[in-house]
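The chain contents come next:
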Amino acid sequence: MEVKYRSTRSDSAPITASRAILEGLSDDGGLFVPTRIPSLDRSLAEFAAMDYRETAYHVMKLLLSDFTEEELRGCIDRAYDSKFDIPEIARLHETSDAYYLELFHGPTIAFKDMALSILPHLLITAAAKNHEDRTIVILTATSGDTGKAALAGFAGVKGTRIAVFYPKDGVSTIQERQMVTTVGENTRVIGIHGNFDNAQSAVKEIFSDRALRAEMAEKGYRFSSANSINIGRLVPQIVYYIYSYARLLAAGRIKEGQAVNFAVPTGNFGNILAAYYAGRMGLPIHKLICASNSNKVLYDFFRTGTYDKNRDFLLTTSPSMDILISSNLERLLFHADGEDPAACAARMEELSQTGVYTISEKMKENLSLFYGGWADDAKTAARIRAVFEKEGYLLDPHTAVASSVYEEYRKETGDETPVIIDFTASPFKFEKAVMEAIGQPSDLSDLELADRLSEVSGVKVPAAVEALRTARVMHDIVCDQEEMMGQVRDFLGL
Ligand SMILES: *Cc1c(COP(=O)(O)O)cnc(C)c1O
């Protein structure tokens, strides 16, 4: 039975998966959600015998049901290949108290590659299926990792152009260098004076500017989105939850049907939402541990039921989680509230007007699968150090936030359920913070730091960082939030 997609904010007619990927965001400002959440049609034991690509096919086919087998397998084969530096694509590392799911083996060494290496292929396929022959313009706001992963995915892809906006002073040096050295005529990278939320709001505004859309249509352009609001990002992320569970099963670490916990370092709520969908599809999950850094809106929300973004935006050592408006939470709340679009629209209107909304006690009960926690920079650094000293295993700051929150969760609850912690970025991407955490000198140049980090940890400098030694800066535009529209027009020659 076909799965279609509907908006969280109105009762407009459901559309196919390929259309939803192409549109990115619904016209009414809502996010697309599946009209029905399908169940896995293979047993977990069967998944235990599959490799990553096969798993991806059997999970994604359920949610992208208007793609043919040939189309979907084609996208999967082009995405999950030797761009990844291990043939398994993702792998588990066992320590004395947790399993770490390494999701950073892709071309830009962050977990964003898991979805953004396939999104361009899904989009191009979706365009062809829907007889869309206009050039697809991807507009993306990034807190650091999405930008480069999207650029890597779309650079040079025929029929697409991509503009990325990042907070000039809100990303790590390596993240910035990765983005501004991007080659590809169809790419543009722009720093903004402001934070990620500023960039994301402006992108959403530009995206829904009707006059601009009309002008673009005339010139043969249409917008789409590579942000985690696109279901083409969300669906591929469900795969590794099932894959990692199946690996534990294959290794005899758990029994079929036994529940596990996942701890997820969270920003825009995309990654952990994929885990929630995996659970709804039949993966046995006991708790989803939602870990925040000092921008702890989500922690406060899960504790009190009130979402309040009216607070200072803090810059932390885990910049990809420096977010106060977690877009994908809208989807979870839609499902937790009987799938009522009017209530969802009202909540989001309140958020945009006042910066605050509160959910009912009943809804709060419906969210009991989630446990919220947070760790500040000091705790994060302490955790990097502790795991390194005890296990000889080096975490990046984002992963350390999740690891620290998990440790606290376990102490507080005594829950000994096996846990899989999402390892979301290579420590080489955040080398300064990591070196400081383990008591090493950090006032070196980026590339010297990479060499030192490699010596200390015994891990080879990743190719993505090696490439920066000789890469030239190709993009040097920095602008104010108000000038972003002008930049987009300039990029498209409007
Ligand atoms: C994007 C990102 C996150 C947060 O993921 P969300 O899906 O936005 O919640 C965590 N860690 C790293 C390294 C990231 O790049």
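Structure report, in brief. (Residues numbered from 1 in each chain as written. Predicted model: local features only at pLDDT ≥ 70, side-chain atom pairs only at ≥ 80, totals over all residues. Heavy atoms only, no water.)

## Comments concerning the overall build of the protein
Helix and strand counts for the protein come out as 22 helices and 15 strands. Referenced to the eigenvectors of the C-alpha coordinate spread, the extents of the protein come out at roughly 60 × 50 × 45 Å. Counting over 494 residues, the protein shows a buried share of 60%. For the protein, restricting intrachain contacts to residue pairs at least 6 apart in sequence, the fraction spanning at least 24 positions comes to 75%. Taken as a whole, the protein presents about 18300 Å² of accessible surface, with 48% of it coming from carbon and sulfur. Between the averaged position of the 53 positive side-chain charges in the protein and that of its 69 negative side-chain charges there is a distance of 3 Å. (Helix = DSSP H or I, 4+ residues; strand = E, 2+ residues; numbered from the N terminus. Buried < 20%, exposed > 50% of the residue type's maximum accessible area, 1.4 Å probe, protein only. Contact = heavy atoms within 4.5 Å. Areas by Shrake-Rupley, 256 points an atom, 1.4 Å probe, with all protein chains shown as cover. Lys, Arg positive; Asp, Glu negative; His and termini not counted. Charge placed at Lys NZ, Arg CZ, Asp CG, Glu CD.)

## Things to note about the sheet that holds strand β13 (residues 370-374)
The strand order across the open sheet built from six strands is β3-β4-β14-β9-β10-β13, with neighbouring strands paired in mixed fashion. Two strands bound the open sheet, and with one partner strand each, they are β3 (91-94) and β13. Here the average twist between neighbouring strands, direction ignored, is 25°. Both strand β9 (residues 260-265) and strand β10 (residues 285-292) contribute to a ladder of five bridges, which runs parallel. Looking across to β10, one finds that Phe262 is bridged to Leu288. (Pairing = 2+ DSSP bridges. Axes fitted to C-alpha atoms, helices over the stretch in contact; angles between N-to-C directions.)

## What to know about the site of the ligand
Surveying the vicinity of the ligand reveals 15 residues, the closest of which are Lys112, Asp145, Gly267, Asn268 and Thr424. The contact in question runs from an oxygen atom of the ligand to an N or O atom on the backbone of Asn271, over 2.9 Å. In the complex, 98% of the free accessible area of the ligand, which totals 380 Å², lies under the protein chains. Counted by class, the shell around the ligand contains five nonpolar, eight polar and two charged residues. (Near = heavy atom within 4 Å. Polar contact = N/O pair within 3.5 Å; in protein donor to acceptor, adjacent residues only side chain to side chain. Nonpolar A, V, L, I, M, F, W, Y, C, P; charged D, E, K, R; others polar.)

## Things to note about the packing of helix α11 (residues 231-250) against helix α12 (residues 270-280)
One can describe the packing of α11 onto α12 by two numbers: an axis separation of 8 Å at closest approach and a directional angle of 65°. Taken as a pair, α11 and α12 cross one another with a handedness that is right-handed. Residues Leu234, Gln237, Ile238, Tyr240, Tyr241 and Ile242 of α11 form the contact with α12, whose own contacting residues are Gly270, Asn271, Ile272, Leu273, Ala274, Ala275, Tyr277 and Ala278. In terms of residue class, the contact of α11 with α12 is built from eleven nonpolar, three polar and no charged. (Left-handed = near helix turned anticlockwise from the far one by under 90°.)

None of this, on its own, says anything about what the molecule does.
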